[in-house]
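Each chain is listed here by its residues.
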Amino acid sequence: MRRPVRRAVLVPAGAGLAVAAGLLLAGLLTDDGGAKAAPGGRAGGISAAAGARVLDPGARRDAPALAGDDLDGRPAGLAGLRGHVVVLNVWGSWCGPCRAEAEDLARLSREIPAEEVRFLGINTRDPDRAAARSFVREHGLRFPSLHDPAGELLLRFPPELLNPQAVPSTLVIDRRGRVAVAIGGAVTDEQLRPLLARVVEEES
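Just so we're clear, the structure is a prediction, and the values are computed from it rather than from any experiment.

### Points about the packing of aromatic side chains
Phase 1 of the analysis: Scanning the entire structure with this criterion turns up 2 aromatic pairs.
Phase 2 of the analysis: Ring geometry for Trp 91 and Phe 135: centres 4.7 Å apart, planes at 15°, overall stacked. Residue Trp 91 is found in strand E5 (residues 85-91), and its partner Phe 135 is found in helix H4 (residues 129-139); the two are separated by 44 residues along the sequence. Judged on exposure class, the residue Trp 91 and its partner Phe 135 are both buried.

### Details of the confidence of the model for the protein
Phase 1 of the analysis: Of all residues in the protein, 75% attain a pLDDT of 70 or more, and the chain-wide mean is 81.
Phase 2 of the analysis: Scored below 50 in pLDDT, residues 1-49 makes 81 contacts in the model with residues more than four places away or belonging to other chains.

### Some thoughts on the state of the cysteines
Phase 1 of the analysis: If you walk through the whole model with that rule in mind, you get 1 disulfide.
Phase 2 of the analysis: Bridging Cys 95 to Cys 98, the disulfide has an S-S length of 2.4 Å. Looking down the S-S bond of the Cys 95 and Cys 98 bridge, the torsion is 85°, so its handedness is right-handed. The exposure classification of Cys 95 matches that of Cys 98, with both residues buried.

### Re the side chain of Asn 89
Phase 1 of the analysis: By the secondary structure assignment, Asn 89 is in strand E5.
Phase 2 of the analysis: In this structure the side chain of Asn 89 is engaged in a polar contact, spanning 2.9 Å, whose partner is the side chain of Glu 101.
Phase 3 of the analysis: Not counting chain neighbours up to four residues away, the residues in contact with Asn 89 comprise Glu 101, Leu 105, Leu 120, Gly 121, Ile 122, Ser 169 and Thr 170.

Thresholds applied
Residues numbered from 1 in each chain as written. Predicted model: local features only at pLDDT ≥ 70, side-chain atom pairs only at ≥ 80, totals over all residues. Heavy atoms only, no water. Phe/Tyr/Trp six-rings, centres within 6.5 Å; stacked < 30°, edge-to-face > 60°. Helix = DSSP H or I, 4+ residues; strand = E, 2+ residues; numbered from the N terminus. Buried < 20%, exposed > 50% of the residue type's maximum accessible area, 1.4 Å probe, protein only. pLDDT = per-residue confidence, 0-100. Contact = heavy atoms within 4.5 Å. Disulfide = S-S within 2.5 Å. Polar contact = N/O pair within 3.5 Å; in protein donor to acceptor, adjacent residues only side chain to side chain.

The structure is reproduced here in structure tokens:
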């Protein structure tokens, strides 16, 4: 049974443009609107714009167990988020592209209902939590971030899904705890919304 989706939240005004953008991001359309064949690379993977890779449900891998303390020393992790679609964003206060995408992520985390999508960050290569907390306050990030100064959590992921050297990176994890979308590089609101809508609409 499909879960209801608040399209007014996940899909911005101009539904036709949003659908086209979603198809383009999913790699199903080329820039000129023509059909695009799936690449002959890894089975189950569909290339997408903005460095995104969308995985067919049958080809998805479980996300590794992630748990630890957030930037305020409180416990955080993926285990308590099972049953929700999760946006997992890797960032650092020292990272220019992270600053470019932070406000879009903050806006999405406020606008999308928590019963549909949860957000979790991994703060990496920031030995000083104070710098990371300052970044969070500056950009209005309300979701928790695991503090991972040495990048140990990133090494738990297959490198083809999450390159530990690529910061920022964003993963979308489905309700069953599997990686559904992998995005290397900064992501925008317009790029992420249709991908989230696609995963939210999937059957549990």
